[in-house]
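Chain by chain, the residues:
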Amino acid sequence: MSDLLAGGPTRQRTVEVSVAQLAWIVAGTAFFAYRLAAFLSAPVGGVELDSLAGAWQAHAGSPDERFIPTLFQAISAYSFAFTTSEVPARLLALLASCSVPFALYRLRPSLGESGALAALVVVALDPVSILLGATAWHGGLDIALTFWLLVLLREEELADWACGAAGFLVATSGAVVLPVVLAFAAVRLLRQQYPTRSRASWAAGGAVMGGALAATSFGFGLQDPVLPPIAALARGFEATWSTDSTGALAGFYGFPVLGLGGAAALYHAYQCWNAETWPDDSLGLLVASAIAFTWVVASTGSTDPVPLAAAAVILALLIGKITPAAGEAISRVSWPHAIVPLAAMVFAALVVEAWVVDWARIDRIGDGRDKLIVTGLVIAAVACIGLLASNRRTAPALLLAPAGTAFMLMFSGASGVAFGGPNEPLPSPMSSVQGAEIREIALLAREQHGGQIVIHSGFERASTWPMRDSGSVIYASRIPAEATVVIWPVTEAAPEGFAVIEGQWSWEVTRHGPDGDFLDYLRWLSNRNILKTGFEPVAVYLRTTE
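Residues numbered from 1 in each chain as written. Predicted model: local features only at pLDDT ≥ 70, side-chain atom pairs only at ≥ 80, totals over all residues. Heavy atoms only, no water.

According to the stated counting rule, one finds 12 salt bridges in the structure shown. Residue Asp-281 is joined to Lys-321 by a salt bridge in which the shortest nitrogen-to-oxygen separation is 2.8 Å. Of the two residues, Asp-281 is situated in helix α16 (residues 280–298) and Lys-321 in helix α17 (residues 306–331); the sequence distance between them amounts to 40 residues. Assessed through its relative accessible area of 16%, Asp-281 is described here as buried. A salt bridge links Asp-520 to Arg-523; the nearest nitrogen and oxygen atoms lie 2.7 Å apart. Within this pair, Asp-520 and its partner Arg-523 are both found in helix α22 (residues 518–527), separated by 3 residues, close to a single helical turn. The exposure classification of Asp-520 matches that of Arg-523, with both residues buried. (Salt bridge = Lys/Arg side-chain N within 4 Å of Asp/Glu carboxyl O. Helix = DSSP H or I, 4+ residues; strand = E, 2+ residues; numbered from the N terminus. Buried < 20%, exposed > 50% of the residue type's maximum accessible area, 1.4 Å probe, protein only.)

Spelled out as structure tokens, the structure:
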């Protein structure tokens, strides 16, 4: 009766969530969580420190090669009109990065559902991409822009204004977008796939507008006209954006993506060759991966982490390209035949890993008995691999081992970098806490006693960010008579009439990755508790005589 009075029986509404939707939610949450952690926890250092110093110099009206006139760095410089913090610029980078999962969701027609998810997981866990996606470096929009460019390249019905916006953003971006832009431009030109006159005009107009603004340094007018992506690329070979080399950073953080991605690129090229068809997006990504690998190799001796992020973006998409085929192959595995040798292989590998990690802990290889046991286990693992590979019904199960190993290594690196771990060589060098304390001491002394703050000219670059918004500061190699506060090298004699302030003072802190043999690297990889922090000490003096 009550149901009739209420207008009939009530129906409970249920919300159904598919496995794919749940996977997108989990992967997207992980992507955002790691970048939020880096936004909150990562120290100001490396390429971000260099970029912030350049942006501050532009705001102050001082020419500086550290200011690359990208759109992001110009926004950072203008933000200093109302703040001296890096947080607003970091927030912009974080918001841009949060659009990446949506871009990958739009790329499902190209990658497939599982492929787009795999690409998202790879990008979510890549340590260098995490850091550059949540910090205020000059290319803070680059990673997100690269993904959205790939989305636009697939759109058939595209508004003309979107082409103009893309042209403007590319012309004012950093170097991360270059492999994709150059590769797809080359593919379209070779295949004579030209845009419509309207789209080409809008894109060219946007690029010209961006180039014109960059030529004026976005109104700062401090340097000769440059094209930001090319300037950023060249600057990466000269600047000190990391304490360790690009090659070392690739060994610490990048080799899971570079290894799996390189294998994925080769296999996808084989797929296209075997099918006798080279789709535009596949060929474009393969060419872009070749450009990115060339960039990484050419940068091996420099101290630039940016090529690793550019390569990770492209290789993640290529890993996504082969994921549907890999998943299909794994689904056909005869698990009754594969499970025993696969389990034996994993067990043998884990025991070997435990033994070798113990060698790393004591910093020496074990005795003959230990070597014999490890050798026997390695032979057993290789035999299991051969047994699995010898049968088509079990061979695809071997794909799980490198994928699982890469996932664990990336998860470890991502967690350390995102949460600002004290034993991570990325980022480095970092702005020190003592630098802010030196500024407070100097400003208080000048306020109370007058005079000038004098800093040795050798510290001009290192002190730019710590001493921002400090008014007039004199950089000199000799101490003038009007000096009240002097920040000087500890290797030089103390000036007369000044008293030293006791303490360990420095502008920057450095962290070097393990640079010994394989056991040193493995010891750091297994416990991440062995890196030593270094710094260049400075002396702080206050005048004691009139």
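Anyway, onward from the coordinates.
On to the side chain of Glu-424. Tracing the backbone shows Glu-424 in the loop between α20 (400–418) and β1 (430–431). Given the relative accessible area of 3%, Glu-424 is considered buried. For Glu-424, the side chain forms a polar contact with the side chain of Tyr-253, separated by 2.5 Å. Setting aside residues no more than four positions away along its own chain, Glu-424 makes contact with Tyr-253, Gly-416, Val-417, Arg-511, Trp-524, Arg-528 and Leu-531. (Polar contact = N/O pair within 3.5 Å; in protein donor to acceptor, adjacent residues only side chain to side chain. Contact = heavy atoms within 4.5 Å.)

Our focus in this paragraph is the pairing of strand β6 (residues 505–511). Counting buried positions over the 7 residues of β6 gives 5, a clear majority of the element. Across 2 bridges, β1 lies against β6 in antiparallel orientation. Within the sheet, the bridge partner assigned to Ser-431 lies in β6 and is Glu-508. In this sheet, strand β7 (residues 533–543) lies alongside β6 in antiparallel orientation, the contact comprising 5 bridges. Each residue of the ladder has a partner; that of Thr-510, found in β7, is Gly-534. (Pairing = 2+ DSSP bridges.)

The periodicity of an α-helix, 3.6 residues per turn, causes residues three or four positions apart to be oriented the same way. Here α16 contains 19 residues, and its C-alpha end-to-end distance of 27 Å stays within 8% of the 27 Å for a straight helix at 1.5 Å per residue. Buried within α16 we find Asp-281, Ser-282, Gly-284, Leu-285, Leu-286, Ala-288, Ser-289, Ala-292, Trp-295 and Val-296. Buried residues in α16 make contact with α7 (108–111), α10 (142–154), α12 (178–190), α14 (228–238), α15 (246–275) and α17. (Expected span 1.5 Å × (residues − 1).)

It is worth spelling out the nonpolar core at this point. Counting 81 residues, the largest nonpolar core has Leu-104, Leu-132, Phe-147, Tyr-253, Leu-317 and Leu-318 as its most contacted members. When residues in this core are grouped by element, the largest group, 14 residues, is from α17. Once residues within four sequence positions are removed from consideration, Phe-147 is found in contact with Val-100, Ala-103, Leu-104, Val-123, Val-313 and Leu-317. Ranked by size, the runner-up nonpolar core spans 18 residues in total, among them Val-333, Val-374, Cys-384 and Ala-397. (Core = buried A, V, L, I, M, F, W, Y, C linked by side-chain atoms within 4.5 Å.)

Here the focus is the packing of α12 against α16. Contact geometry of α12 with α16 gives a least axis separation of 8 Å together with a crossing angle of 135°. As judged from the angle between their axes, α12 and α16 are oblique. Between α12 and α16 the crossing geometry is right-handed. Residues Pro-179, Val-180, Leu-182, Ala-183, Phe-184 and Val-187 of α12 touch α16, and the partners they reach there are Asp-280, Asp-281, Leu-283, Gly-284, Leu-285, Val-287, Ala-288, Ile-291, Ala-292 and Trp-295. Residue composition of the contact of α12 with α16, by class: 13 nonpolar, 1 polar and 2 charged. (Axes fitted to C-alpha atoms, helices over the stretch in contact; angles between N-to-C directions. Parallel < 35°, antiparallel > 145°, perpendicular 65-115°, else oblique. Left-handed = near helix turned anticlockwise from the far one by under 90°. Nonpolar A, V, L, I, M, F, W, Y, C, P; charged D, E, K, R; others polar.)

Turning to the packing of aromatic side chains, a few remarks are in order. Taken as a whole and judged by the stated rule, the model has 13 aromatic pairs. Ring geometry for Phe-67 and Phe-220: centres 5.7 Å apart, planes at 80°, overall edge-to-face. Of this pair, Phe-67 sits in the loop between α3 (46–60) and α4 (71–79) while Phe-220 sits in the loop between α13 (197–215) and α14, and the two are 153 residues apart along the sequence. A relative accessible area of 18% places Phe-220 in the buried class. Ring centres 6.2 Å apart and planes at 85° place the aromatic pair Tyr-253 and Trp-524 in the edge-to-face group. In this pair, Tyr-253 sits in helix α15 while Trp-524 sits in helix α22, placing the two residues 271 residues apart along the sequence. Note on accessibility: Tyr-253 and Trp-524 belong to one class, buried. An aromatic cluster is built from Phe-252, Tyr-253, Tyr-521 and Trp-524, whose rings are joined through pairwise contacts. Residue placement shows Arg-35 over the ring face of Phe-31; its charged tip is 3.7 Å from the ring centre. (Phe/Tyr/Trp six-rings, centres within 6.5 Å; stacked < 30°, edge-to-face > 60°. Lys NZ or Arg CZ within 6 Å of the ring centre and 35° of its normal.)

Here helix α8 (residues 113–125) is 13 residues long and its end C-alpha atoms lie 19 Å apart, about the 18 Å a rise of 1.5 Å per residue gives. Of all the 13 residues making up α8, 10 are buried; the element is thus mostly covered by neighbouring parts of the structure.

This part covers the environment of Ala-290. Among the secondary structure elements, Ala-290 is positioned in helix α16. Between the C-alpha atom of Ala-290 and that of Ala-265, which follows or precedes it by 25 residues, the distance is 9.0 Å.

Here the focus is the pairing of β7. Alignment of strand β4 (residues 483–489) against β7, held across 5 bridges, turns out to be antiparallel. The partner of Ile-487 across the bridge, within β7, is Val-540. The pairing of strand β5 (residues 498–500) with β7 spans 3 bridges and is antiparallel. Looking across to β7, one finds that Phe-498 is bridged to Arg-543.

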